Amino acid sequence: MTHSDNGFFGKYGGMYVAEVLRRPLDELNAAFAFYMNDSEFIEELDIIRRDYIGRETPLYFAPTATQLLGGAQIYIKLEGLANTGAHKINNAIGQCLLAKRMGKKRIIAETGAGQHGVATAAACAKLGLECVVYMGEVDVYRQQPNVATMELYGAKVVPVDSGSRTLKDAVNEAMRDWAANFETTHYVLGSALGPAPFPDIVREFQSVIGREVKRQCAERKIEIGAMVACVGGGSNSIGFFEPFINEKEPRLIGAEAGGVGPGVGENASRMTGNASREGIVQGYKSRFLLDEDGQSLPTRSISAGLDYMGIGPQLAELGMSGRIEFTSILDAEALEAIVFFARNEGVLFAMESAHAGAAAMKIAKEIPSDKAIIINMSGRGDKDLFITNPVFRRSEWIQFLKAETERIESDKDIHDK
Ligand SMILES: *Cc1c(COP(=O)(O)O)cnc(C)c1O
């Protein structure tokens, strides 16, 4: 078990919230403890995982990458093959099913880049729940493809116009809604952070990834030397690492966004960066990118999913204790990893997951060839066309977008539906 001690992981974690939020958090904690021991709930979740999400996801041996990198055997956990294209659906489905059992009819969620919003909207559509997604106005504007997808799933996207109009303002707005409406509403938090019990809940629903890896490796007699995952808030990494945390081996490596460099504002390196500080933000104690007065600092990453100022409390604790090693990957290195795995393995990594791929490429030679490095490909790269195309084929992409705009404007058969 890697469960928290009353909401704390060492000195990190906790439930630093206004009084009005204690009741829904306590109620959630009790329901979670109950249903995780309820065989009917677990059985229903297992069936949904199998038939709707498409689990288990494959553990793919990457022969060409192994040969070219010249060290460990490279394996990739193809979590991006899960329905909706990333690991976020594991948590969204788990929490929505839990909410349904608790008698809630309405789901709210925050989203930044939109990936968690998409997963939650899909889960609500599948389970017949009303879905409202809070999203900073700036993010609504720049993440239109995900807004469109959420709306297709039937979710209502509410633009948040307070503060910096990005993710942290969307979280505040969702918390406010929850405090007012918790009798009918569950708040699906998207990563392994926030006030207790969310870090425990999200880890538990994501740990299906790590349990599958453990079983797949045992069945195929794969000896694991290292496991590598990218770390935004920390949900795919903590779920991937979970069954191995209390063991001495393998090495567990978290790849943070190194952005364009080590300077303040140039990255999102909460564990390895120059501006990494301890703090209490949005209901939990952890490590954040803060200035000396405790104000949040700007972050930067080519990957929207890693571009966040805080890290989950359990990862912060495991990083400080040394069980998890952290490394920081530059935007340019992540882009190289995307090309490497696409060309050599026919596997297209999401921008976030490519940070894990790049970290594996760097350490492959440190691990002997009779051992494996397992990379968690948290998502697939189809969603990143708008990020990769401007880099790899800028002028063709600009031309294409212009032509598309003209085509849409001149086509009288296309109407707003
Ligand atoms: C959101 C996202 C991440 C980062 O979130 P974690 O909670 O750190 O896992 C990583 N990969 C993909 C594909 C994502 O959508």
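My aim in this report is to walk through the structure given alongside it, one point at a time. None of the values given here were measured: they were computed from a predicted structure.

1. Describing unusual backbone geometry
Consideration 1: For the bond running from Arg55 to Glu56, omega is 5°, close enough to zero to count as cis.
Consideration 2: Considering the arrangement of structural elements, one finds Glu56 in the loop between helix H2 (39-53) and strand E3 (59-61).
Consideration 3: Looking along the chain, the bond that leaves Ala196 and enters Pro197 is cis, with omega of 5°.
Consideration 4: Along the chain, Pro197 falls in the loop between strand E8 (185-188) and helix H9 (198-206).
Consideration 5: A positive phi angle, near 55°, is found at Asn6, a position not held by glycine.
Consideration 6: Here Asn6 shows up in the segment before strand E1 (8-9).
Consideration 7: Given a relative accessible area of 75%, Asn6 falls into the exposed group.
Consideration 8: Positive phi, close to 60°, is recorded for Arg165, a residue that is not glycine.
Consideration 9: Relative to the helices and strands, Arg165 resides in the loop between strand E7 (156-160) and helix H8 (167-181).

2. Focus: helix H7 (residues 144-152)
Consideration 1: For H7, every residue scored as buried is listed here: Asn146, Val147 and Met150. Take H7 and look down its axis: the buried residues cluster within an arc of 105°, on one side only.
Consideration 2: Contact partners of the buried residues in H7: strand E5 (106-111), helix H5 (115-127), strand E6 (130-136), helix H6 (137-142) and E7.
Consideration 3: With its phi angle positive at about 95°, Gly154 sits one or two positions after the end of H7.

3. Comments concerning the site of the ligand
Consideration 1: Neighbouring the ligand are 16 residues; Lys88, Ser191, Gly232, Ser235 and Ser378 lie closest to it.
Consideration 2: In this structure, Ser191 approaches the ligand through a side-chain N or O atom, which is 2.6 Å from an oxygen atom.
Consideration 3: Between the ligand and the protein, one listed contact pairs a nitrogen atom with a side-chain N or O atom of Ser378 at 2.7 Å.
Consideration 4: Considered on its own, the ligand offers 390 Å² of accessible surface; in the complex 97% of this is hidden by protein.
Consideration 5: Its residues assigned to classes, the shell around the ligand shows 3 nonpolar, 11 polar and 2 charged.

4. Some remarks on the sheet that holds strand E14 (residues 372-376)
The pairing of strands in a sheet comes from backbone hydrogen bonds and takes either a parallel or an antiparallel form.
Consideration 1: The strand order E3-E4-E14-E9-E10-E13 describes an open sheet built from 6 strands, whose pairing is mixed. The two strands at the open ends of the sheet, each matched to only one other strand, are E3 and strand E13 (324-330). Sheet twist, expressed as the average angle between the axes of neighbouring strands with direction ignored, equals 25°.
Consideration 2: Pairing between strand E10 (residues 251-259) and E13: 7 bridges, direction parallel. Looking at E13, one finds that Gly259 is bridged to Leu330.
Consideration 3: Packing of helix H13 (residues 331-345) onto the sheet brings it into contact with E3, strand E4 (73-77), E10, E13 and E14, and relative to E13 it is tilted by some 90°.
Consideration 4: Helix H14 (residues 351-363) rests against strand E9 (224-230), E10, E13 and E14 of the sheet, and its axis sits at about 145° to E9.

5. Let's talk about the side chain of Glu242
Consideration 1: Relative to the assigned elements, Glu242 resides in the loop between helix H11 (235-241) and E10.
Consideration 2: For Glu242, which is buried and forms no salt bridge, the nearest opposite charge comes from Arg203, at a distance of 4.3 Å.
Consideration 3: When neighbours within four sequence positions are excluded, Glu242 is seen to be in contact with Thr2, Arg203 and Ser207.

6. Digging into the nonpolar core
Consideration 1: Judged by nonpolar contacts, the single largest core of 64 residues is most densely connected at Phe41, Ile93, Cys96, Leu98, Met150, Trp178 and Tyr187.
Consideration 2: Those residues within four positions of Met150 in sequence are excluded, and the remaining contacts are Thr111, Gly114, Gly117, Val118, Ala121, Val133, Met135, Ala155 and Val157.
Consideration 3: Counting residues in each nonpolar core, the second largest holds 37 residues, with Ala62, Leu335, Ala337 and Phe341 among its members.

7. Concerning the layout of surface pockets
Consideration 1: By volume, the second largest pocket is sized at about 190 Å³.
Consideration 2: Of all the secondary structure elements, the ones that give two or more residues to the lining of the second largest pocket are H13 and helix H15 (385-392).
Consideration 3: Residue classes in the lining of the second largest pocket are distributed as 8 nonpolar, 3 polar and 4 charged.

8. Describing the packing of H13 against H15
Consideration 1: Close contact between H13 and H15 brings their axes to 12 Å; oriented N to C, the two are set at 95°. When the axis of H13 is compared with that of H15, the two are roughly perpendicular. Residue-level contacts link Leu335, Ile338 and Val339 of H13 to Thr388, Val391 and Phe392 of H15.
Consideration 2: Of the residues assigned to the contact of H13 with H15, the class counts are 5 nonpolar, 1 polar and no charged.

9. Some remarks on the side chain of His355
Consideration 1: Considering the arrangement of structural elements, one finds His355 in helix H14.
Consideration 2: Judged by its relative accessible area of 0%, His355 falls in the buried class.
Consideration 3: If we ignore the near neighbours within four places in the chain, the residues touching His355 are Cys230, Ala255, Glu256, Ala257, Ser301, Ser303, Leu306, Ile329 and Ala334.

10. Focus on H9
Consideration 1: The buried fraction of H9 is high, at 8 of 9 residues.
Consideration 2: For H9, the full list of buried residues reads Phe198, Pro199, Asp200, Ile201, Val202, Arg203, Phe205 and Gln206.

Cut-offs and rules
Residues numbered from 1 in each chain as written. Predicted model: local features only at pLDDT ≥ 70, side-chain atom pairs only at ≥ 80, totals over all residues. Heavy atoms only, no water. Helix = DSSP H or I, 4+ residues; strand = E, 2+ residues; numbered from the N terminus. Buried < 20%, exposed > 50% of the residue type's maximum accessible area, 1.4 Å probe, protein only. Arc of directions from axis to C-beta. Contact = heavy atoms within 4.5 Å. Near = heavy atom within 4 Å. Polar contact = N/O pair within 3.5 Å; in protein donor to acceptor, adjacent residues only side chain to side chain. Areas by Shrake-Rupley, 256 points an atom, 1.4 Å probe, with all protein chains shown as cover. Nonpolar A, V, L, I, M, F, W, Y, C, P; charged D, E, K, R; others polar. Pairing = 2+ DSSP bridges. Axes fitted to C-alpha atoms, helices over the stretch in contact; angles between N-to-C directions. Lys, Arg positive; Asp, Glu negative; His and termini not counted. Salt bridge = Lys/Arg side-chain N within 4 Å of Asp/Glu carboxyl O. Core = buried A, V, L, I, M, F, W, Y, C linked by side-chain atoms within 4.5 Å. 1 Å grid on protein atoms, 1.4 Å probe; cavity = no way out; pocket = protein on both sides within 12 Å on 5 of 7 lines; lining within 4 Å. Points joined across faces, edges and corners; volume = space filled by probe spheres on them. Parallel < 35°, antiparallel > 145°, perpendicular 65-115°, else oblique.

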